[in-house]
Each structure stands twice: as structure tokens, then as C-alpha cells.
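A structural walkthrough
One letter stands for each residue in the lines below.
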Amino acid sequence: MRVLSVLFAPILLAQGLWVGARALRLPEAAGARTGQTGQGAPLRVLIVGDSSAAGVGAATQSDALSGQLVALLAQNHTVSWRLSAKTGATSVSMLKSLQEEDLGTFDIVVLALGVNDVKNGVGLRAWKANYSAILDLLRLKCGVRHIYLSAVPPLGDFPLLPWPLNAVLGARARRFDAALQEMASDHNACHLPFELGLDPSDMAEDGFHPGPGLYTLWAEAIHTQLARDLKSRE
């Protein structure tokens, strides 16, 4: 794949500029980014990440990852939750944001981060260092007990991206996700593999972000793992 990157470098550059210029700019989902809901044992949840965590592709947070995950958890818990996410976030910008933000204490954190590092050409070593620093910070600053790392999604399957750009970014995404699995093991966190499939009908109209249907599947996958872990620790 590195050979492909070199051979097609002019094409990849042109495609990257074309995608950047033509891509539909969707807003982050509207709605509250913190709250409390549900009944049962208390559970404090922090969701951290980039545009996907921010709900781009859904009209409101209730249709996005945060709202759907919180709704599932609230069936059995009193959930105090917070969303810290921003379109375009990278590992380094998120690390800086978390260092500056007054977050509070949480039991669980869900991270969705890596796509922008992949597509922006951030080196794998730098990404691992930044991501590891984020995990250490969350443990120290927020007292987080359980950390869930959403896989770097398969960019090669995103409808927006043409060939060969999709092939190159897809290969980078796989390398980054393999590194993420290693970091999960090193930091006693849980890696959540991407096993949802990418049906274009489940994606947003920009061909790059999840739509409400994919957010539903994503929230359900996280909830299934989280509920299993919480039950085993009762």
C-alpha cells in the first residue's frame, strides 16, 4: 500500500483537494450535551470524540450516538452523562481540550477518535502517543474505571471517497485500528471492533458520517458490551 501511495501521490493529492472542496458540510447534532435521566443505580458516562461522537449526520443528539446510548443505559440506571466532542478533532486537539476542560468524575468513558488523524496524515507513532496520553489523563483526571475505544472505522468503504484514495486511507485506518487494539490491552480498556457494515442507506447524505440508522447500531453494540461488563462486576 505504501507503493500505491507513492505511485499515485499526485492523484491522491488531487482527490484529497477535490473531496475537501466538494464534500457536503453537515452540522453537529443539535441538543443538550449534558444531563441526567433514567432510574436505577447511578452511572456517570462521558463520551469523547470527533464529528461522529458530536452527532454529525443526525439532526438531534437524541438520534445520535450520545442520545441513543444514554437512552439504552437509562433503562436500568440513573445516567449522568456528558458529551465532549468536536468536528475535526484529532488526538492532539482532543488531548489539549481535555486538559483544559473541567470535566468532573465519571465511571465510564466512550471514545470515538482517529478518523481525522488517519485522513490528515498524522504519523502512527504520534497518534499512539497522543491517544495514550488521553487514556492516562482520563484515568487520572476523571477517575474513570471503564474505558471503551470505538474502532477506527473502515474509511475504504466510505461512499464519499474515490479510488485510489479510499484504498490508501482504508489501509491506514486498519493500521491505526490495530494499534488501537494494542493500546486497549496496554491501558486495561475495551476495544470495540467495527462490525456494523457500511450500508450507504445507513450513512448520512455526505457519504462520510453515520446516519441515525448507523448511530442506532453503534449505540446498541456499545450498550451490549457495556451491559455485559457491568453485570459481571455486580
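Before any of the text, the structure's been laid out above.
Described in the following lines is the structure provided in the data block. Sequence positions are assigned chain by chain, starting from 1 and proceeding in written order. This being a predicted model, a pLDDT of at least 70 is required before a residue's local features are given, and a value of 80 or more before pairs of side-chain atoms are given or counted; all residues contribute to the totals for chains, interfaces and linings. Derived side-chain values reflect all non-hydrogen atoms in the structure, with water molecules and hydrogen atoms excluded from consideration.

Secondary structure elements are taken from DSSP: a helix is a run of H or I of four residues or more, a strand is a run of E of two residues or more, and numbering for both begins at the N terminus. When you go through the protein residue by residue, the secondary structure sums to nine helices and six strands. Think of it in three bands: residues with accessible area under 20% of the maximum for their type are buried, residues over 50% are exposed, and the middle band is partly exposed, with areas taken using a 1.4 Å probe on protein chains only. Taken over 234 residues, the protein has a buried fraction of 50%. We call two residues in contact when some of their heavy atoms are within 4.5 Å. In the protein, 82% of the contacts between residues at least 6 apart in sequence involve partners at least 24 apart. With the model as given, the accessible surface of the protein reaches about 11,100 Å², and the carbon-plus-sulfur share is 55%. Areas reported here follow the Shrake-Rupley algorithm with a probe of radius 1.4 Å; residue values treat only the protein chains shown as occluding.

This part covers the nonpolar core. Core analysis: the largest hydrophobic core is formed by 40 residues, its most contacted members being Leu111, Tyr131, Leu138 and Leu149. Broken down by secondary-structure element, the contributors of at least two residues to this core are strand E2 (41-49), helix H5 (91-100), strand E4 (108-112), helix H6 (115-119), helix H7 (124-142), strand E5 (146-150) and helix H8 (165-186). Tallying contributions element by element places H8 first for this core, with eight residues. Residues in contact with Leu138, not counting those within four places in the same chain, are Leu46, Leu98, Val109, Leu111, Gly143 and Val144. What is meant by a nonpolar core is a set of buried Ala, Val, Leu, Ile, Met, Phe, Trp, Tyr and Cys residues, joined one to another through side-chain atoms within 4.5 Å.

With that settled, consider the packing of H5 against H7. Note on geometry: axes are lines fitted to C-alpha atoms, helical ones only across the stretch in contact, with angles between N-to-C directions running from 0 to 180 degrees. Contact pair H5 / H7: the axes reach a minimum separation of 9 Å and the direction vectors enclose 20 degrees. Considered as vectors, H5 and H7 are oriented roughly parallel to each other. At the point where H5 passes H7, the crossing takes the left-handed sense. Here Ser91, Val92, Met94, Leu95, Leu98, Gln99 and Glu100 of H5 come into contact with H7, specifically with Trp127, Asn130, Tyr131, Ala133, Ile134, Leu137, Leu138 and Lys141. Amino acids outside the nonpolar list (Ala, Val, Leu, Ile, Met, Phe, Trp, Tyr, Cys, Pro) and the charged list (Asp, Glu, Lys, Arg) are all regarded as polar, and Gly is one of them. Grouping the amino acids of the contact of H5 with H7 by side-chain chemistry returns 10 nonpolar, three polar and two charged. Angle categories are assigned with fixed cut-offs, so that under 35 degrees is roughly parallel, over 145 is roughly antiparallel, 65 to 115 is roughly perpendicular, and the rest are oblique. Each crossing gets its handedness from the near helix: less than a right angle anticlockwise from the far helix is left-handed, clockwise is right-handed.

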